[in-house]
Amino acid sequence: MGDRKELSGAGSARVEPSPGSAGPTFQPGCAQPLRAWRGRGQRVASTWRGVIRHVSGACLVRRRGALQPGASAAGVMERLRWQMVAVAAAGFALALEALPWLLRRLRAGRPRREVLFFPSQVTCTEALLQAPGAAPARPPSGCPCSLPHCESSLSRLLRALLAARASLELCLFAFSSPQLGRAVQLLHQRGVRVRVITDCDYMALNGSQIGLLRKAGIQVRHDQDLGYMHHKFAIVDKKVLITGSLNWTTQAIQNNRENVLIMEDATYVKLFLEEFERIWEEFNPTKYSFFPQKKRSR
């Protein structure tokens, strides 16, 4: 073409505008996505060319007889059949190349909906609770503990929590589960911003994880009014809501009939996040009273 020139590289070609022509414009920060798409396109094109080259070779052998003077109609039909085979094979190869990418996009676009029921089977969760920089956990077959190494409601709840990358808000009446406490501390060590709201009476009970969280440097606020801070929910990365009847205690996890809903819904996440922020401000330590009234018994 008049205003373009083709530059050949090692196994690939790209078209660049000649001097003075209006070249393509790129938005800042788009280089990585463009490189990723270019790499995928090159792989698809390479697969396509390979299939075409392989099948076309077979076609050529058969076409030589069909193109001779006096070739029969059967020969022409044979040539057409092989051309159709070549196109079908190339299309099949292209579909196989695009299938993993399509499945990833479908999974990524589907909002999360999951319900967990308790009591949970007691299983080994050590593989999930590895500290940053720690040696990888041994495979289940090599773990010395006698607990089952399988999925459970508790392990699925741990996975939902440990998926946090930026923030985690916890609003919990009681929190004494060692596994869930370790998961929250692990997120804090990874740099996730963790904030905890809890009830002032139950945070002082033996086995409560609140003291350990505070010692680790995690922000904790509690109530001082007459009622109980009875919420039981968590918000992961301001995108995923975890809520239900479950108190985060070993007793509730292993013995009680409880439920937990894990959902990715912007409307509900927004409402729960607003409630969290309202309580967080209400329980600001600067507003504490030195002589709070006693809570009434339940």
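Quick caveat, the model's predicted, so the values are computed rather than measured. (Residues numbered from 1 in each chain as written. Predicted model: local features only at pLDDT ≥ 70, side-chain atom pairs only at ≥ 80, totals over all residues. Heavy atoms only, no water.)

Engineer: Where do I start with the overall build of the chain in this structure?
Structural biologist: Counting its secondary structure elements, the chain contains 7 helices and 9 strands. Out of the 298 residues belonging to the chain, those deemed buried represent 31%. Contacts in the chain between residues far apart in sequence, at least 24 positions, make up 74% of those at least 6 positions apart. When the accessible surface of the chain is split by element, carbon and sulfur atoms take 58% of a total near 18800 Å². (Helix = DSSP H or I, 4+ residues; strand = E, 2+ residues; numbered from the N terminus. Buried < 20%, exposed > 50% of the residue type's maximum accessible area, 1.4 Å probe, protein only. Contact = heavy atoms within 4.5 Å. Areas by Shrake-Rupley, 256 points an atom, 1.4 Å probe, with all protein chains shown as cover.)

Engineer: Even after reading the chapter, I still don't get the confidence of the model for the chain, so can you show me in this structure?
Structural biologist: The predicted coordinates should not be examined in detail at positions where pLDDT is low. Considering every residue of the chain, the mean pLDDT works out to 80; 68% of them sit at 70 or more. Scored below 50 in pLDDT, residues 1-31 shows 19 contacts in the model against residues more than four places distant or in partner chains. Note that pLDDT drops below 50 for residues 61-67; the model gives that stretch 8 contacts with residues more than four away or on any other chain. (pLDDT = per-residue confidence, 0-100.)

Engineer: How should I be thinking about the side chain of glutamate 114 in this particular structure?
Structural biologist: Within the fold, glutamate 114 resides in strand 3 (residues 113-118). Reaching out from glutamate 114, the side chain makes a polar contact with the side chain of arginine 112 at a distance of 2.8 Å. In this view, glutamate 114 contacts Arg156, Val260, Leu261 and Ile262; residues no more than four positions away in its chain are not counted. (Polar contact = N/O pair within 3.5 Å; in protein donor to acceptor, adjacent residues only side chain to side chain.)

Engineer: Which parts of the structure should I look at to understand the pairing of strand 4 (residues 167-172)?
Structural biologist: Looking down a regular strand, the side chains alternate between one sheet face and the other. Counting buried positions along strand 4 gives 6 out of 6 residues, so the element sits mostly inside the fold. With burial as the criterion, each face of strand 4 is covered, one bearing Ser167, Glu169 and Cys171 and the other bearing Leu168, Leu170 and Leu172. Direction of pairing for strand 4 relative to strand 5 (residues 193-198): parallel, over a ladder of 6 bridges. Its bridge partner lying in strand 5, cysteine 171 is registered against isoleucine 197. Following the backbone out of strand 4, through helix 4 (residues 178-189) and into the adjacent parallel strand 5, one traces a crossover that is right-handed. As paired elements, strand 4 and strand 7 (residues 232-236) share 5 bridges and run antiparallel to each other. (Pairing = 2+ DSSP bridges. Right-handed = clockwise from strand over helix to strand, strands pointing away.)

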